[in-house]
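# Coordinates in review
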Amino acid sequence: GTSVEFRRIYFGFDGTMPGGFGYRAEIDVANSNVAINDMYLTYKASPKVMLTLGNQKPNWGLEEMTSDLFTSFQERAGYSQVFGFERRIGLNAQYTGKSVVAQLGLFADDPNSLGSDTDKSWSVDGRAVTMQKLAGGTLHLGGSVHYRALGDFVPTVTYQARPFVHTTDLRFVSAGTPQARRETGLGLEAAWVSGRFHATAESFWQTVSRSGFKDPTFTGGYAEVGYLLTDDET
């Protein structure tokens, strides 16, 4: 069959306030649904340290942390939705040096789940990235660590992904893992950009710790090579 969907319609604003404070608010109103995206306050503790409080992306990998405006494709890699890379309410700290970025945060769940009596998970997420000049371009190398305690009321964790055609409910992957107690994830990312050319690769491993059962590990990743036909730098 056929279908029509407004994939993304954003409304939002951001700005700064005296004393090093800032704010950002953004909602997605596509398909008659109102979803809170970014909704947070920031504080510039020093020229290199930024604190962020509110609904935001935890410290996932390169593609997930890149804005929708700058990804190569309309949809991100499938493992991004499989492992539940979503915005969550929390406090995050970021250090930005000349060629290094380090992030560490403590997060609860997404705004919809906070009103539930059962979804009481929390997580610690960290990420470190270095960027160096290499062979006439810039080499990006990084890694991320994810630890999430699910609480006593999450009997099953389900990892699933739909096709890139976002209007279907068909799932290419759907794996339910009962008796889950916590998740431990490890991500690796690499990219090289030189002029109009870029190459990127990422992978993520997630282990589910369970009571009375073996602990399965799930893996996802992607690799991408691209070349811009136009010289946008000029």
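## Some points on the pattern of salt bridges
- Overall, the coordinates contain 11 salt bridges when judged by the stated rule.
- Note that Arg127 is salt-bridged to Glu189, the shortest N-O span being 2.8 Å. A residue pair is termed long-range when its members are at least 10 positions apart, and Arg127 in strand E7 (residues 122-134) and Glu189 in strand E11 (residues 180-194) qualify at 62 residues. Here Arg127 and Glu189 have matching classes, each one buried.

## Details of the environment of Asn112
- With respect to the helices, strands and loops of the structure, Asn112 is situated in helix H3 (residues 111-114).
- The class for Asn112 is exposed, based on a relative accessible area of 72%.
- Once the C-alpha coordinates of Asn112 and Ala35 are considered, the two residues, 77 residues apart in sequence, prove to be 9.3 Å apart.

## A word on the layout of surface pockets
- Space inside the second largest pocket adds up to approximately 470 Å³.
- Taken together, 20 residues line the second largest pocket, and the ones lying closest to its centre are Phe70, Ser72, His198, Thr200 and Glu224.
- Residue contributions to the lining of the second largest pocket peak at 4 residues, all from strand E13 (residues 217-227).
- Residue composition of the lining of the second largest pocket, by class: 9 nonpolar, 8 polar and 3 charged.

## As for the packing of aromatic side chains
- Across all of its chains, the model carries 13 aromatic pairs by this definition.
- Judged by centre distance (4.9 Å) and plane angle (40°), the rings of Phe21 and Tyr43 are tilted. Of this pair, Phe21 sits in strand E2 (residues 21-28) while Tyr43 sits in strand E3 (residues 35-46), and the two are 22 residues apart along the sequence.
- Residue class for Phe21 comes out partly exposed when judged on its relative accessible area of 41%.
- The exposure class assigned to Tyr43 is partly exposed, which follows from its relative accessible area of 32%.
- Clustering of aromatic rings is evident, with ring pairs tying together Trp60, Tyr79, Phe83, Phe85, Tyr159, Phe204, Phe218 and Tyr222.

## Brief notes about the confidence of the model for the protein
- Chain-level pLDDT for the protein is 88 on average; 94% of the residues reach the 70-or-more range.
- Averaged pLDDT values for the elements of the protein fall to 77 in H3 and rise to 97 in strand E6 (residues 100-107).

## As for the pairing of E13
- Direction of pairing for strand E12 (residues 197-210) relative to E13: antiparallel, over a ladder of 11 bridges. Counted as the bridge partner of Gln206 is Phe218 from E13.
- Hairpin connection of E12 to E13: 6 residues between the antiparallel strands, including Gly212 at a positive phi of 80°.

## A few points about unusual backbone geometry
- Backbone geometry at Ala135 places phi at a positive 55°, although glycine is not the residue there.
- Inspection of the secondary structure assignment puts Ala135 in the loop between E7 and strand E8 (137-149).
- A relative accessible area of 66% places Ala135 in the exposed class.
- Positioned with a positive phi, Gln179 is a non-glycine residue whose angle comes to about 60°.
- Within the secondary structure, Gln179 sits in the loop between strand E10 (173-178) and E11.

## Examining a nonpolar patch on the surface
- On the surface, Phe13, Met17, Phe21, Tyr23, Leu41, Tyr43, Leu51, Leu53 and Leu91 cluster together into a nonpolar patch covering about 840 Å² of accessible area.
- Of all the secondary-structure elements, those providing two or more residues to the nonpolar patch are strand E1 (10-17), E2, E3 and strand E4 (49-56).
- Inspection of the secondary structure assignment puts Leu51 in strand E4.
- What makes Leu51 partly exposed here is its relative accessible area of 31%.

The rules behind these values
- Here, residues in each chain are numbered from 1, in the same order as that chain's written sequence.
- Residue-level local features of this predicted model are given only where pLDDT is at least 70; pairs of side-chain atoms are given and counted only at 80 or more, and the full residue set underlies all totals for whole chains, interfaces and linings.
- The side-chain figures draw on all heavy atoms in the structure; neither hydrogens nor water molecules are used.
- Think of a salt bridge as a Lys or Arg side-chain nitrogen and an Asp or Glu carboxyl oxygen that are within 4 Å of each other.
- Starting at the N terminus, helices and strands are each numbered in turn, a helix being any DSSP run of H or I of at least four residues and a strand any DSSP run of E of at least two.
- Burial classes: relative accessible area under 20% of the type maximum marks a residue as buried, over 50% as exposed, and values in between as partly exposed (1.4 Å probe, protein chains only).
- With a 1 Å grid spanning the protein atoms alone, the term cavity applies to any set of points in which a 1.4 Å probe fits but cannot get out, the term pocket to an open set with protein on both sides within 12 Å along at least five of seven lines, and the term lining residue to any residue with an atom within 4 Å of a point.
- Grid points are joined across faces, edges and corners, and a volume is the space filled by probe spheres set on the points.
- Asp, Glu, Lys and Arg are counted as charged, while Ala, Val, Leu, Ile, Met, Phe, Trp, Tyr, Cys and Pro are counted as nonpolar; the rest, among them Gly, fall into the polar class.
- Each aromatic pair joins two rings of Phe, Tyr and Trp (for Trp, the six-membered one) with centres within 6.5 Å, and gets the label stacked for planes under 30 degrees apart, edge-to-face for over 60, and tilted for any other angle.
- Known as pLDDT, the predictor's confidence for each residue is given on a scale from 0 to 100.
- Two strands pair if DSSP finds at least two bridges between them.
- Patch membership requires over 30% relative accessible area and the absence of a salt bridge. Like charges are linked within 9 Å, and nonpolar side chains (Val, Leu, Ile, Met, Phe, Trp, Tyr) within 5 Å.
- Residue exposure ignores everything except the shown protein chains as possible cover, and the areas themselves are Shrake-Rupley values with a 1.4 Å probe.

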